[in-house]
Amino acid sequence: MSETIATASETITLTIDGQEIQAKAGQTILQAAQKNGIYIPTLCALHATKENGLKTDIAPGTCRICTVKVNGRTMAACTTPVAQDFIVENDTEELNDLRKTIVELLFVEGNHFCPSCEKSGSCDLQALAYRYQMLSPRFRYAFSSREVNAESPKLLFDRNRCILCRRCVLAITTEDGKQLFGFTKRGDKSGIIMDEELVKNISEEQAQQAMHICPVGAIIRKEKGFDTPFGQRKYDHNPIGSETVCTTCNGEKS
Ligand code: SF4
Ligand code: SF4
Ligand code: FES
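The structure displayed is predicted, hence computed values, not measured ones.

**Observations regarding the overall build of the protein chain**
Each helix and strand in the protein chain was counted, giving seven helices and 10 strands. Here the C-alpha atoms of the protein chain give a radius of gyration of 19 Å, agreeing with the 18 Å that 2.2 N^0.38 yields for 254 residues. Reported as C-alpha extents along the three principal axes, the dimensions of the protein chain are approximately 55 × 45 × 40 Å. Counting over 254 residues, the protein chain shows a buried share of 46%. Summarising the internal contacts of the protein chain: among those between residues at least 6 apart in sequence, 63% fall at separations of at least 24. For the protein chain, the accessible surface area stands at approximately 14,200 Å², while carbon and sulfur atoms represent 50% of it. The positive charge centre, built from 30 side chains, and the negative charge centre, built from 32, are 3 Å apart in the protein chain.

In structure tokens form, the structure reads like this:
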């Protein structure tokens, strides 16, 4: 099927899981899906809200959990712009097994001990493991041992739980645009580093934002642990994906 490049004002019609939806040129498949109340899982991409302090959506395109099939080809929904007549497969057995595989790989690659993790109950990775009914990963644990950095007065940074999504790198900056977090090295040596000086002077609000935007428990704000008790956390009552509400109709079906 041929794809036409859309102009900015154009309304685009595409199909996701057999449902015909309208999108604006320039939107990604993920943005179009969210606008229409269709859930596509994410780990690195994040929709801008007042709560997370983001002014624009971010999509580093690092995790591939949002993989969909577009006209039969696998693509990342968060980085692929919509085009007229796209046929998108999303909620299929094949793609959900692929997503489960990514979750399993992330679990064996890091060190995740959920019962002792401050993020438990609010963690996107843990919530996706529940969603895809992960019991025991089909891969061998890497048993990696990574540095925990507790030198910052406001943040605890545990690299054992970091999934290298890069949200912190893109989202946490000083007013003049300096990044507090950065990416270092490649392959299995790659990791996130903090600018010690900048992080030392991080404000209360930014420390809270850093903990909030991290999808897992790698960035923890000191002295705020267990502010929200177990049983009242983000995914304690409703599983991940159930928060997706059509922003046009606010979930009210006609
Ligand atoms: S970061 Fe998430 S998956 Fe990892 S130990 Fe904490 S709660 Fe579990
Ligand atoms: S520290 Fe958190 S936000 Fe930053 S890359 Fe790691 S998992 Fe992502
Ligand atoms: S959410 Fe799309 S690549 Fe991470």
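Once the structure has been displayed, the description carries forward.
**Looking at the packing of aromatic side chains**
Summed over all chains, the structure comprises three aromatic pairs. Taken together, a centroid distance of 5.9 Å and an interplanar angle of 35 degrees make the contact between Tyr141 and Phe143 tilted. By relative accessible area, Tyr141 is classed as partly exposed at 41%. Classification of Phe143 as exposed rests on a relative accessible area of 68%. With a centroid separation of 5.5 Å and 80 degrees between ring planes, the pair formed by Phe226 and Phe230 is classed as edge-to-face. Cation over ring: Arg166 sits above Phe183, and NZ or CZ is 3.8 Å from the ring centre.

**So, the environment of Gly121**
Residue position: Gly121 is located in the loop between helix H2 (93–109) and helix H3 (124–131). On the basis of relative accessible area, Gly121 is assigned to the buried category, the value being 8%. The sequence separation of Gly121 and Gly231 amounts to 110 residues, and the corresponding C-alpha distance is 7.8 Å. The residues touching Gly121, leaving out its near neighbours within four places in the chain, are Gln126, Arg233, Lys234, Tyr235 and Asp236.

Thresholds, definitions, all that
Residues numbered from 1 in each chain as written. Chains lettered and ligands numbered in written order. Predicted model: local features only at pLDDT ≥ 70, side-chain atom pairs only at ≥ 80, totals over all residues. Heavy atoms only, no water. Helix = DSSP H or I, 4+ residues; strand = E, 2+ residues; numbered from the N terminus. Rg over C-alpha atoms; globule rule 2.2 N^0.38 Å. Buried < 20%, exposed > 50% of the residue type's maximum accessible area, 1.4 Å probe, protein only. Contact = heavy atoms within 4.5 Å. Areas by Shrake-Rupley, 256 points an atom, 1.4 Å probe, with all protein chains shown as cover. Lys, Arg positive; Asp, Glu negative; His and termini not counted. Charge placed at Lys NZ, Arg CZ, Asp CG, Glu CD. Phe/Tyr/Trp six-rings, centres within 6.5 Å; stacked < 30°, edge-to-face > 60°. Lys NZ or Arg CZ within 6 Å of the ring centre and 35° of its normal.

These figures come from the coordinates and say nothing about function on their own.
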